[in-house]
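# A structural walkthrough
Here is what each chain is made of, one letter per residue.
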Amino acid sequence: SIHDMFSWNVLTPYYKETVTLNKSELESRSDALGVSTMLYLQTLFKPDWANFLERMGLQDEDKVWSKEVATETRQWASIRAQTLNRTVSGMMYFEKALRLLANLERLDDDTTNDLMGEKFGYIVSCQVYGQMKKDQDPKAEDIDDLMHRYPHLRIAYIDAARLNRSGEMGFYSCLVKSDGNGGIQEIYRVRLPGNPILGEGKPENQNHAMIFSRGEFVQTIDMNQEGYFEEALKMRNALQEFAKRDGPMPTTILGLREHIFTGSVSSLANYMALQETSFVTLGQRVLTKPLCIRLHYGHPDVFDKLFFITRGGISKSSKGINLSEDIFAGYNNAIRGGQVAFKEYLQVGKGRDVGMSQIYQFEAKLSQGAGEQSLSRDVYRLCQRLDFSRLLSYYFGGIGHYFSNVLTVITIYVVVYLMAILALYDLEKIGDRLITPMGTIQMLLGGLGLLHTIPLFSTLGVERGWWASLQELIQVFATGGPLHFMFHIQTKANYMTQTILVGGAKYRPTGRGFVTQHTPMDELYRFFASSHLYLGVEMGAGLVIMGFYSEAKQYFGRTWSLWLASLSFIASPFWFNPLTFDWNMVTADYVKWVSWMRGHSGGASRSWSMWWSEETSFYSKMPLTSKGWFIIKAILYLTVAEGIARSDLARADTTLNKPIVGVSIVVASIVILFICWWLLSMVEHLMPYPVRRTIGILIAVGLMVSILTAFIEDSNFIRYGFAAYYGIGAMCQVGLLFGSKFVKKFYFIHDLVCGHIIFIPLFVLAVLQIPHHIQTWLLYHNALSSDVVVSNILRYARKSQESGGTTAPNEDLVEQISELRKIVQKQEQMIENLGSGNVSATSGMKQNPSTDAIASLIKAPSQDKMNIETQPGAYNVMGGSMGGRTMSASNLDVWG
């Protein structure tokens, strides 16, 4: 019964994220798309919006911001975004579920109300809530509204007060609630010995609020999670798992499954959802039984509070070392004799970032956290106490995954250079007998990697059906999934290595914009150059050198997997970027990239020079032992340079062909022009812009003419040029390690070369236009890459809303709508010709509500005369083609 069930509290750490979307946030427009958040949500959830208007009794959309319904409008939008409001609303389903169970047990209202406070409580640890109140931040008012809406919600925060005239500050942990009359009542105020936020913010935030929990168990929930009513009904049974004892040790952590509700937003989001299914479901299932080494990998696990609060708490928060604070609760639990259970009959919703750069940031954080873990005393103590079998299991399910990624990338790198050096120095033989490569066998072994998809195929087959499971896997391969996963092998390897060799490497956070937004080339280059693009270009160059000099056969059989890795490092950011192959976008990106390369001020986002200084600042600070790895890399470059210089590539006999211009004169000219370039960089800040620009152009033209002359007059210079490129690369690598500034100019040239290696294929593919349509077709069902249709339709939606009050149709708007309809019809016809049938009805691939709902804005029978509505909001209240309201399995409205 409810009387006998265990009690628990839910705890959510919160800092300054959005609580409830306000009118200005909902109506502000994105520069990239020209559409407001409100309009985007109305379009994406069109039937829900129509139902909302009906429920509010509104015939005119303009009245949604009237005083009577403005609050409900904000609530409607907020629970469809990743806000604190959505998380709190979802978690408070636990209270609704308990009330329903109490009602089924025929308990009266007074007893039920008493039991609610006794059995369940929700604490949101809003670290800076007190400061928000002092600053009159609107977010504080939104938090107050949540407390008034949910009487059993408690807010914990840290308050700072001045104690005396000398400025001494006192710090307090405070707990507040709604008083039921529109006010806020303080329940507890606990004096602290000092500022509790000493280490990582999130775990410190959780720790200070732990004293206010009154239940026997604590469930930790993140800001990007939500609850479901039908799942909340199972919580009483889930808590009873702690009463069971599977073995000699008590169950102290109960792991629960996660449901990724952002999986249908884009192809990248779908990959992340499948990745989470693979780890959160399959991986943790095996780690629990039979390996007995599942730890705590993040929320929504439930903790035995009495066990943890007497053994160091649920969060360790030392700066840097506890970057991934969740896993240390698992280490603490294993070392101190706790046991972890994992049950899949209850799940909690979770949102993920869905853009390329956001996923990159997420993987970087996990890799940095794994690097810090490998240096921690917790891992040392755990490994000293585990038996050999569990030690191997821990390696498999813990930091070993990241070490495996590092070893994979190092192996690829070594194999490329080893094969290139063997070819350069003519060592591809044993005595006089050439090596016989087994390229066919290598391809067969590579194909065995597909066996890794069998567990995922089986799981999806049981959950969704075998045909749907096969379709899902085919779609993943067709849309470039392997490129995505190989790309992030390097992400993990790069940040894991950097953290161990250097220390706390930082990553650049990004906002959660529309996933349909095209990311400019200069931004992609800043994000991925150091970690992926340089390595991809370097590997490609090594494979080309091997192809030139190798005398052994089966080149493709030996190198196909290496070329695939190189391609994934270079091409993935652009393949998953909407409008990558559109000619207008490519030319605009190129102009922006060149402008960024030439910039000298305005921060890393506007200047290559400042970006390079930030990216390479850690090299000179590394300990000598860490620098040794990069010195080995420089020796590799020198070895390749010497091999190219000795080879017969473009060798010419100058005794028979006398050059018209002396080679010594050309070389002297190049040296003098480089010196002039260096001098110009030293004094350019003293010169007027026209003079500086003119001299710079003359030097650049002189260098190009001199280098071309050298290549034409003596083809040996082609070979010497390639050798010099690797030789200068070795010199720059050593110079970078010891803080030499002269290498910056050479790295600038290297970035120009790498950028054009990327841009030239993009220009060619943009001219062909076919790749643009192929990308659109392959990823058509994903909002991320429906490129022209999604972004332009949203622009139309905004313009049609703005022109709603005009008395006559806008002729330009009529023409734009007509063009948009042609685009939609053209793409649908193309898909039909390729065998996919009707997009919304007969497509073999799964539908995506994002694209279908937005496309329905302009879809109309072609024979009808086009008409632009002159009444505001007329297009929104009509029914859409998207599915019905979001309902729970128990047929209750999820959104309340």
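## Looking at the overall build of the protein chain
Helix and strand counts for the protein chain stand at 36 helices and 12 strands. Across the protein chain, every contact between residues at least 6 apart in sequence was considered, and the portion connecting residues at least 24 apart equals 78%. Summed over its atoms, the accessible surface of the protein chain is roughly 42600 Å², and 60% of this surface lies on carbon and sulfur atoms.

## Some remarks on the pairing of strand β10 (residues 339-350)
As paired strands, strand β7 (residues 225-226) and β10 are joined by 2 bridges and run antiparallel to one another. Bridge pairing links Glu226 to Gly349 in β10. As defined by bridge partners, strand β8 (residues 251-260) adjoins β10 across 9 bridges and the pair is classed as parallel. Looking at the pairing, Thr251 lines up with Gln339 of β10.

## Description of the packing of aromatic side chains
Here the structure, examined in full by the defined rule, presents 42 aromatic pairs. Seen from their ring centres, Trp608 and Phe748 are 5.1 Å apart, and the 75° between their planes marks the pair as edge-to-face. One end of the pair, Trp608, is in helix α27 (residues 608-615); the other, Phe748, is in helix α32 (residues 743-768), with 140 residues separating them in the sequence. Judged on exposure class, the residue Trp608 and its partner Phe748 are both buried.

## Here we look at the environment of Lys592
Examined against the element boundaries, Lys592 turns out to sit in helix α26 (residues 583-598). Apart from the residues lying within four places of it in its own chain, the contact partners of Lys592 are Pro520 and Asp522.

## Some words on the sheet that holds β8
Picture the strands of a sheet paired through backbone hydrogen bonds; they go either parallel or antiparallel. Strand order across the open sheet formed by 10 strands is β5-β4-β3-β2-β1-β6-β9-β8-β10-β7, with mixed pairing between neighbours. Two strands in the sheet have a free side with no partner beyond their single neighbour: β5 (184-192) and β7. Against the sheet, helix α13 (residues 267-288) makes contact with β8 and β10, and its axis sits at roughly 160° relative to β10, the strand it touches most.

## So, the environment of Ser531
Structurally, Ser531 can be placed in helix α24 (residues 521-549). Separated by 40 residues in sequence, Ser531 and Thr491 place their C-alpha atoms 6.7 Å apart. Here Ser531 is in contact with Tyr360, Gln490 and Asn494, once residues within four sequence places are set aside. A distance of 3.0 Å separates polar atoms of two side chains, one belonging to Ser531 and the other to Tyr360.

## So, the pairing of strand β4 (residues 169-178)
Moving residue by residue along a regular strand, the side chains alternate between the two faces of the sheet. In terms of residue burial, β4 counts as a mostly covered element, since 8 of its 10 residues are buried. Pairing geometry for strand β3 (residues 153-162) and β4, over 8 bridges, is antiparallel. Residue pairing across strands places Arg162 opposite Met169, the latter belonging to β4. Counted along the chain from β3 to the antiparallel partner β4, the turn is 6 residues long, and its residue Gly167 has a positive phi close to 95°. As paired strands, β4 and β5 are joined by 8 bridges and run antiparallel to one another. In the sheet register, Leu175 faces β5, and the bridge partner there is Tyr188. Where β4 folds back on β5, the antiparallel hairpin that results is connected by 5 residues, among which Gly180 adopts a positive phi of roughly 85°.

## A few points about a nonpolar patch on the surface
Together, Val667, Val671, Ile675, Trp678, Leu679, Met682, Val683 and Leu686 line one region of the surface with nonpolar side chains, adding up to about 750 Å² of accessible area. With respect to the helices and strands, Val671 occurs in helix α29 (residues 663-683). Accessibility expressed as a relative area gives 44% for Val671, which makes it partly exposed.

## So, a positive patch on the surface
Taken together, Arg336, Arg377, Arg381 and Arg385 make up a surface patch of like positive charges. Looking at the element boundaries, Arg377 is found in helix α17 (residues 377-385). Accessibility expressed as a relative area gives 59% for Arg377, which makes it exposed.

## Thoughts on a negative patch on the surface
Together, Asp108, Asp109, Asp110 and Asp114 line one region of the surface with negative charge. Relative to the assigned elements, Asp108 resides in the loop between α6 (93-104) and α7 (109-119).

## Brief notes about α17
For α17, the complete set of buried residues consists of Asp378, Val379 and Leu382. The arc that holds every buried residue of α17, seen down its axis, measures 95°, which confines them to one face. Residues of α17 that are exposed and angled more than 90 degrees away from the buried face: Arg377, Tyr380 and Gln384. Tucked into the core, α17 has its buried residues touching α15 (325-335), α16 (356-374) and α18 (388-397).

## Examining the side chain of Arg154
Looking at the element boundaries, Arg154 is found in strand β3. Comment: no salt bridge for buried Arg154; closest opposite-charge side chain is Glu95, at 8.3 Å. Ignoring any residue separated from it by four or fewer positions in sequence, one finds Arg154 in contact with Tyr122, Ile123, Val124, Leu175, Val176, Lys177 and Ile187.

## Brief notes about the packing of helix α2 (residues 37-44) against helix α4 (residues 70-78)
The geometry of a pair of packed helices is captured by two quantities: the angle between their axes and the separation between those axes. It is at 10 Å that the axes of α2 and α4 come closest, and there the two elements cross at 70°. Considering their axes alone, α2 and α4 lie roughly perpendicular with respect to each other. Read as a crossing pair, α2 and α4 show a hand that is left-handed. Each of Met38, Leu41 and Gln42 in α2 lies in contact with α4, whose residues at this interface are Thr73, Trp76 and Ala77. Here the residues of the contact of α2 with α4 sort into 4 nonpolar, 2 polar and no charged.

## A look at the pattern of salt bridges
A side chain of one charge can pair with a side chain of the opposite charge when the charged atoms of the two come close. Under the defined criterion, the tally for this structure stands at 24 salt bridges. Across the pair Arg74 and Asp142 runs a salt bridge, and its minimum N-O distance is 2.9 Å. You can see Arg74 sitting in helix α4 and its partner Asp142 sitting in helix α9 (residues 138-149), a full 68 residues away along the chain. For Asp142, a relative accessible area of 7% puts it in the buried group.

## Observations regarding the confidence of the model for the protein chain
Put simply, the protein chain has an average pLDDT of 81, and 81% of its residues get 70 or more. Note on residues 507-511: pLDDT is under 50 here. Beyond four places in sequence and across chains, it has 17 contacts. Segment residues 835-896: pLDDT under 50, and 142 contacts once partners within four positions in sequence are set aside and those in other chains are kept.

## A few points about α32
An ideal rise of 1.5 Å per residue puts 38 Å on 26 residues; α32 measures up with 38 Å between its terminal C-alpha atoms. Taken as a whole, α32 has its buried residues at Val743, Tyr747, Phe748, Asp751, Cys754, Gly755, Ile758, Phe759, Leu762 and Ala766.

## With respect to the packing of α27 against α32
Where α27 meets α32, the axes come as close as 11 Å, and the angle between the chain directions of the two elements is 110°. With respect to α32, the element α27 is oriented roughly perpendicular. Contacts from Trp608, Ser609, Trp611, Trp612 and Ser613 of α27 reach α32 at Val743, Lys744, Tyr747, Phe748 and Asp751. Split into classes, the residues belonging to the contact of α27 with α32 amount to 6 nonpolar, 2 polar and 2 charged.

## A few points about unusual backbone geometry
For the bond running from Lys289 to Pro290, omega is 15°, close enough to zero to count as cis. Assignment of secondary structure puts Pro290 in the loop between α13 and β9 (302-304). Not every positive phi belongs to a glycine, and Gln136 is a case in point at roughly 55°. Following the sequence through the fold, Gln136 ends up in the loop between α8 (129-134) and α9. Since its relative accessible area comes to 67%, Gln136 is described here as exposed.

## Looking at the nonpolar core
Among the nonpolar cores identified, the biggest contains 62 residues, and Tyr525, Phe528, Trp608, Trp611 and Ile758 are the most heavily contacted of them. The element contributing the most residues to this core is α24, with 9 residues. Among residues more than four places away in sequence, those in contact with Trp608 are Trp596, Met597, Gly599, Lys744, Tyr747, Phe748 and Asp751. Formed by 53 residues, the second largest nonpolar core is a distinct cluster that contains Phe6, Leu98, Val176 and Phe229.

## Quick word on the environment of Leu501
With respect to the secondary-structure elements, Leu501 resides in helix α23 (residues 481-501). On the basis of relative accessibility, which here comes to 16%, the residue Leu501 falls in the buried class. A sequence separation of 130 residues divides Leu501 from Gly371, and the C-alpha atoms of the two residues are 9.4 Å apart. In contact with Leu501, not counting residues within four places along its chain, are Met622, Pro623, Ser626, Trp629 and Phe630.

The rules we used
Residues numbered from 1 in each chain as written. Predicted model: local features only at pLDDT ≥ 70, side-chain atom pairs only at ≥ 80, totals over all residues. Heavy atoms only, no water. Helix = DSSP H or I, 4+ residues; strand = E, 2+ residues; numbered from the N terminus. Contact = heavy atoms within 4.5 Å. Areas by Shrake-Rupley, 256 points an atom, 1.4 Å probe, with all protein chains shown as cover. Pairing = 2+ DSSP bridges. Phe/Tyr/Trp six-rings, centres within 6.5 Å; stacked < 30°, edge-to-face > 60°. Buried < 20%, exposed > 50% of the residue type's maximum accessible area, 1.4 Å probe, protein only. Axes fitted to C-alpha atoms, helices over the stretch in contact; angles between N-to-C directions. Polar contact = N/O pair within 3.5 Å; in protein donor to acceptor, adjacent residues only side chain to side chain. Patch = residues over 30% accessible without salt bridge, like charges linked within 9 Å, V, L, I, M, F, W, Y side chains within 5 Å. Salt bridge = Lys/Arg side-chain N within 4 Å of Asp/Glu carboxyl O. Lys, Arg positive; Asp, Glu negative; His and termini not counted. Charge placed at Lys NZ, Arg CZ, Asp CG, Glu CD. Arc of directions from axis to C-beta. Parallel < 35°, antiparallel > 145°, perpendicular 65-115°, else oblique. Left-handed = near helix turned anticlockwise from the far one by under 90°. Nonpolar A, V, L, I, M, F, W, Y, C, P; charged D, E, K, R; others polar. pLDDT = per-residue confidence, 0-100. Expected span 1.5 Å × (residues − 1). Core = buried A, V, L, I, M, F, W, Y, C linked by side-chain atoms within 4.5 Å.

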